[in-house]
Amino acid sequence: MRVGSVALPLAGAAVTVAANSMPSLSAGCHALAKLLGDAVFYRDSNVYKYESKNFWSSTEILSPGCVFRPQSSAQLAEGLEALVDANAEFAVRGGGHMGIKGSNSINGGVLVVMSNLTTMHLNEDKSILSVGPAYRWADVYSYLGKHDLSAAGGRLGPVGVPGLLLAGGINFYGNQVGFGCDTVVNYEIVLADGSIVQANKTSNPDLFWALKGGSSNFGLVTRFDLETIKSPKVWAGSHTVSEKYIDRFLAAAAKYASDISDPKTHIVPALVPGDSTLASVILFYDSDTVSYPDIFKPFTDIPAISSTVGFKTVAEFAAETGEMVVDGINDVFIAGTVKGTTYKDLHQGISIINTTFFNELPKLYKQIPAANISTIQLDWQPIGADWMKASEARGGNALGLDSSQVYLCYAEVVEWIGSAYDDIVAKWVEDTTHAINNATKKAGLYDAFNYMGDSAGFQSIFPGYGEENHQRLISIAQKYDPHGVFQTLMPGGFKVY
Ligand SMILES: Cc1cc2nc3c(=O)[nH]c(=O)nc-3n(C[C@H](O)[C@H](O)[C@H](O)COP(=O)(O)OP(=O)(O)OC[C@H]3O[C@@H](n4cnc5c(N)ncnc54)[C@H](O)[C@@H]3O)c2cc1C
Ligand SMILES: *[C@@H]1O[C@H](CO)[C@@H](O)[C@H](O)[C@H]1NC(C)=O
Ligand SMILES: *[C@@H]1O[C@H](CO)[C@@H](O)[C@H](O)[C@H]1NC(C)=O
Ligand SMILES: *[C@@H]1O[C@H](CO)[C@@H](O)[C@H](O)[C@H]1NC(C)=O
Ligand SMILES: *[C@@H]1O[C@H](CO)[C@@H](O)[C@H](O)[C@H]1NC(C)=O
Ligand SMILES: *[C@@H]1O[C@H](CO)[C@@H](O)[C@H](O)[C@H]1NC(C)=O
């Protein structure tokens, strides 16, 4: 199933919509305003002006009929009940970083924003952080930093807490703790019937599992309780080398992926085309004493044209990486995956993606002036046995990865200036991704997993989790939301059916 604000082609008899009439756009604002007037904002208010534009990519900005900004879980639950009663369409925004039109805002309907659900506290022994969906990871890291703690969250500070944890959560500590979602021990969630429940290992355990990768299909999460990680300082930074070293750089990436022998490490190798292509890797080592660990030597032995590696707090590092985020432009991410077990396979997978991507690039530059392309990037995320075993040790998630394989999840990023180019970029990324995936398929290295956090609207997610997990997600959604409220009245985002 795809993303979008378009009408939902319902699969078979999976969903029966609560009401007998078409969902309504304007009825939601009226119903909410009557009940919870203080939390509803129309176009003339500053809150509307701020909240309706507070998104990562300009392509996400739509024109909701009103903004609903609940002050508490109870108020959100009351509002949701009113929306369901009115058969009214709505969208939900956390940190606003899902760069897909219609995934987190809506034209005409109600935009629900999480900005005021601001729980943030540690339990007594500081092993668990309770955090509300209002926050960005930068907020979490600065709060935890005061206690020499960190968490398995976004690697760039501005990214939102809720969407990342609901997608999975690729993080610096993945080889130690798995995905961000694996570190969540409890969710507080508002269900379609307006009840507020806890989902954890013992209470609603099926829902607990489904929320680990199942996104917005089950309810609205109002609090995440997640493991903290003792990590006072880390050795981290970006090591950037020039074009002539690309082959050596990609070999280093494949070498690391084929033998992730040190779980304190994390890397993000990336190519950045421009007048001349740069190769830049984020190197992360969870240690406040050891620098230049041996496992990074294949990268650090390549002479850098710039390097920011050094000891710093994760809050400092996520602020440093966060500087890559430019406001007020258009952005898209696209995801794909190759898998293998040997250096040879993984290197071939990287190489095919690299070569196909660079072959397609001239087609983009032919249609858009270089001055209007702000960034292009291609990066790879290695996910190996330690990572998946850490996930399994915590009870597992819905993503369906197999720990006998190493996955290289690639992401393409295009950022551009001028909405006149939106359609050109959309077509180019779709064509390029098909070309890459067809080539990796031919080589027997393709995997259907698309990491949700990096996926574009044309991509499908849940089939890539495997048939069994996909079916299980559908039946859990039907159990907790029998009328399909989160698929029909809340059409945005990736839906299980
Ligand atoms: C610059 C950048 C860097 C990134 N870095 C990383 C990274 O390091 N690791 C990683 O894993 N991913 C990363 N991502 C991807 C990121 O995880 C996703 O974009 C994610 O959706 C962001 O969460 P959000 O809250 O900001 O998104 P939003 O767009 O607000 O939400 C995403 C989806 O979740 C729904 N949703 C939001 N809040 C709730 C809630 N409380 N209950 C139910 N549904 C909700 C929304 O309706 C929407 O469909 C990055 C993205 C960007 C743009
Ligand atoms: C709600 O969130 C907004 C935006 O972050 C903030 O400016 C405002 O102070 C918050 N209001 C309350 C009551 O928490
Ligand atoms: C799980 O939920 C139950 C019921 O709400 C609650 O009592 C318990 O504390 C929760 N467990 C965790 C780990 O939060
Ligand atoms: C990656 O692509 C570039 C540009 O086409 C090419 O020069 C380089 O040799 C490729 N490297 C690998 C390992 O595929
Ligand atoms: C291209 O970018 C410039 C700014 O760099 C901007 O002024 C211009 O409007 C953009 N072109 C289009 C067609 O949007
Ligand atoms: C292969 O390419 C075709 C057409 O370009 C596309 O429809 C198909 O989805 C591609 N396969 C993959 C795995 O992307």
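Each remark here, short or long, concerns the structure printed above.
As the structure is a prediction and not an experimental result, all values here were calculated from the model.

Right, let's get into the site of ligand 1. Taken together, 33 residues lie around ligand 1, and V92, G94, R155, I170 and Y451 are the ones closest in. A distance of 2.9 Å separates an oxygen atom of ligand 1 from a polar backbone atom of S103. In this structure, an oxygen atom belonging to ligand 1 sits 3.0 Å away from a main-chain N or O atom of G163. Protein chains bury 98% of the 960 Å² of accessible surface belonging to ligand 1 in isolation. Those elements that provide at least two residues to the shell around ligand 1 are β3 (90-93), α5 (161-167) and β10 (220-227).

Here a disulfide denotes a covalent bond joining the sulfur atom of one cysteine to the sulfur atom of another. A full pass over the atoms with the stated rule returns 1 disulfide. Residue C29 pairs covalently with C66 via a disulfide, S to S 2.1 Å. Since a negative S-S torsion denotes a left-handed disulfide, the C29-C66 link at about -100 degrees is left-handed. Linking C29 in helix α1 (residues 26-36) with C66 in strand β2 (residues 66-68), this pair joins segments that are 37 residues apart in sequence. Exposure class is identical for C29 and C66. Each is buried.

Reading across the sheet, the 5 strands line up as β5-β6-β10-β8-β9 and stay open at both edges, with antiparallel pairing between neighbours. The open sheet has two edge strands, β5 (120-122) and β9 (196-200), and neither has a second partner. The sheet shows a mean angle of 15 degrees between the axes of neighbouring strands, taken without regard to direction. Summarising the sheet, strand β8 (residues 184-190) and β9 pair through 5 bridges and their orientation is antiparallel. Looking across to β9, one finds that I189 is bridged to V197. Sitting on the sheet, helix α3 (residues 73-85) is in contact with β8, β9 and β10, with an inclination near 45 degrees to β8. Against the sheet, helix α4 (residues 137-145) makes contact with β5 and β6 (128-131), and its axis sits at roughly 35 degrees relative to β5, the strand it touches most.

As enumerated under the stated definition, the model contains 11 salt bridges in all. Note that E360 is salt-bridged to K363, the shortest N-O span being 2.9 Å. Of this pair, E360 and K363 are both found in helix α11 (residues 343-367), 3 residues apart, which corresponds to roughly one turn of the helix. Residues joined by salt bridges that share partners form a network here, namely E51, R69 and R93.

Rules and cut-offs
Residues numbered from 1 in each chain as written. Chains lettered and ligands numbered in written order. Predicted model: local features only at pLDDT ≥ 70, side-chain atom pairs only at ≥ 80, totals over all residues. Heavy atoms only, no water. Near = heavy atom within 4 Å. Polar contact = N/O pair within 3.5 Å; in protein donor to acceptor, adjacent residues only side chain to side chain. Areas by Shrake-Rupley, 256 points an atom, 1.4 Å probe, with all protein chains shown as cover. Helix = DSSP H or I, 4+ residues; strand = E, 2+ residues; numbered from the N terminus. Disulfide = S-S within 2.5 Å. Buried < 20%, exposed > 50% of the residue type's maximum accessible area, 1.4 Å probe, protein only. Pairing = 2+ DSSP bridges. Axes fitted to C-alpha atoms, helices over the stretch in contact; angles between N-to-C directions. Contact = heavy atoms within 4.5 Å. Salt bridge = Lys/Arg side-chain N within 4 Å of Asp/Glu carboxyl O.

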